[in-house]
Amino acid sequence: MKILVVNAGSSSLKYQLFDMDEQKVLAKGNCERIGIDGLVTHKCPGKKDYQASAAFPDHRAAIAAVLALLTDKELGVIGSVDEIAAVGHRFAHGGEKLRKSSVLGEEEMKYLESIVGLNPLHGPPAISGFKACKEVMPKANHVGVFDTSYYSDMKEEAYVYPIPYKLYEEYKIRRYGFHGTSHRYVAGKAAELLGNPNAKIITCHLGNGSSITATVNGKAVDTSMGFTPQDGVPMGTRSGAIDPTVVTYIQKVKGYTAEEVDTLLNKESGLYGVSGVSSDCRDICTAAENGNARAELALKILVHNIKKIIGSYVAEMNGGDALVFTAGIGENDRQLREDVCKNMEFLGVEIDEAFNKSCPRGEIADISAKGAKVKTYVIPTNEEYMIALDTQNLTK
Ligand code: AMP
């Protein structure tokens, strides 16, 4: 079965075509600068990478270009669009109702449209992307996979905020959690490695956006992102958790509007805000190595906050069987992994520092020290595969 995975952003449309029988990616790429000028990148294993400028006035034009590439005589990998049995669409937010991956019918779309207020950045482009795909592939099954749905089983005490309850009832203000598809994938892999589907696992998705999730019995019990992907650990440009009164205080002392504070906390904070160097962890590491004190401080704040969350989840779960690092920073920054795991012997976390420094990139690695009570793994994430798998399961 061939499945197309689509991730539509406001000006981009990323895609991967999977052959699920062969368990391989046939092609992948990205249409960028939709509505501006248009650039498409298309890669197929064994063929030369293709990149070209192309005019994409909207998502419909972008998906049409993708289908033309996939079926192209030279660059393509399928004979006809009809070979695509189903399309898996990534949605950041499924609200309270879309609690698991679902076939997208009219009712689901109406619901997704009704909750764009909760998800103003990602919701509208994901909906446009879906509509465009549905129009050009009317025969295919269309499935929505939601980042939030992994958190649908969290207990009320983990997701209701201690603010007037009517704000939850009226405006659905609560912890939703994000990056769920990534956490589900790596926690599932860790449970497989442990040979224990009931394991207590802490997964650290550390990238440009970062979140930490606690999983027990294959279900998320808590997560660091909240009502929006702003909560939790400091990120590239996002502050992560801070005292909420900082917001109103900034408004008072700087005379900022709500939008201006939003920009400050989302785009000017985090690693970038503290270091003043960059939002990219590699640049900050280089600056810190060259003696930049604020770059060093930004990294220390990141490590401090990751440790704090790990500790709180161990307490919440009454233990832990595995700690997992994934995403750009988690998979690649060996020093950060070492710093996070240092002085956690009390919790049973101990890593083999030499192997942590030398383990191959892009592969699953068990970096635990011999005899450590908690296994520490590096597991490359694969959200697209998870979306393809859910789509296949709902299409069979
Ligand atoms: P992602 O959002 O998962 O693509 O991750 C992006 C983040 O991963 C950026 O902050 C990168 O600087 C970081 N990253 C990628 N490679 C490395 C590396 N070798 N060392 C440190 N950070 C890295």
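Our structure is the block above this text.
Every value quoted in this text rests on a predicted model; they were computed, and no experiment measured them.

What should I look at first to understand the sheet that holds strand β6 (residues 84-91) in this one?
Backbone hydrogen bonds hold the strands of a sheet together, and the pairing may be parallel or antiparallel. One open sheet accounts for eight strands, arranged β5-β4-β3-β2-β1-β6-β8-β7; its pairing is mixed. In the strand order of this sheet, the two ends are held by β5 (50-53) and β7 (102-103), each with one partner.

Is there a simple way to explain the sheet that holds strand β14 (residues 375-378) in this structure?
Here six strands make up an open sheet; going across it, the order is β11-β10-β9-β12-β14-β13 and the pairing mixed. The sheet is open, and its two borders are formed by β11 (219-223) and β13 (365-366), each paired with just one other strand. The sheet contact formed by strand β10 (residues 210-216) and β11 spans four bridges and is antiparallel. Its bridge partner lying in β11, Val 216 is registered against Lys 219. Helix α11 (residues 293-317) rests against β9 (200-206), β10, β11 and β12 (322-326) of the sheet, and its axis sits at about 160° to β9.

Even after reading the chapter, I still don't get the pattern of salt bridges, so can you show me in this structure?
Under the defined criterion, the tally for this structure stands at 17 salt bridges. A salt bridge links Lys 131 to Glu 113, with the nearest nitrogen and oxygen atoms 2.6 Å apart. Within this pair, whereas Lys 131 is found in helix α3 (residues 123-136), its partner Glu 113 is found in helix α2 (residues 106-114), the two being separated by 18 residues in sequence. Lys 131 sits in the partly exposed class, given a relative accessible area of 42%. Taking relative accessible area as the criterion, Glu 113 reaches 35% and is therefore assigned partly exposed.

Looking at this structure, how should I read the packing of aromatic side chains?
If you walk through the whole model with that rule in mind, you get seven aromatic pairs. Ring plane angle 65° and centroid distance 5.7 Å describe the contact between Tyr 150 and Tyr 151, whose orientation is recorded as edge-to-face. In this pair, the class of Tyr 150 matches that of Tyr 151, namely buried.

Would you mind showing me how to read helix α15 (residues 383-395) here?
Each α-helix turn comprises 3.6 residues. Residues three or four places apart therefore point the same way. Compared with the 18 Å implied by 1.5 Å per residue over 13 residues, the 18 Å span of α15 between its first and last C-alpha is a close match. For α15, the full list of buried residues reads Glu 383, Tyr 385, Met 386, Ile 387, Ala 388, Asp 390, Thr 391 and Gln 392. Looking at the buried positions of α15, the neighbouring elements they touch are β1 (2-8), β2 (13-19), β6, β8 (141-146), α6 (180-194) and β9.

Basis of the calculations
Residues numbered from 1 in each chain as written. Predicted model: local features only at pLDDT ≥ 70, side-chain atom pairs only at ≥ 80, totals over all residues. Heavy atoms only, no water. Pairing = 2+ DSSP bridges. Helix = DSSP H or I, 4+ residues; strand = E, 2+ residues; numbered from the N terminus. Contact = heavy atoms within 4.5 Å. Axes fitted to C-alpha atoms, helices over the stretch in contact; angles between N-to-C directions. Salt bridge = Lys/Arg side-chain N within 4 Å of Asp/Glu carboxyl O. Buried < 20%, exposed > 50% of the residue type's maximum accessible area, 1.4 Å probe, protein only. Phe/Tyr/Trp six-rings, centres within 6.5 Å; stacked < 30°, edge-to-face > 60°. Expected span 1.5 Å × (residues − 1).

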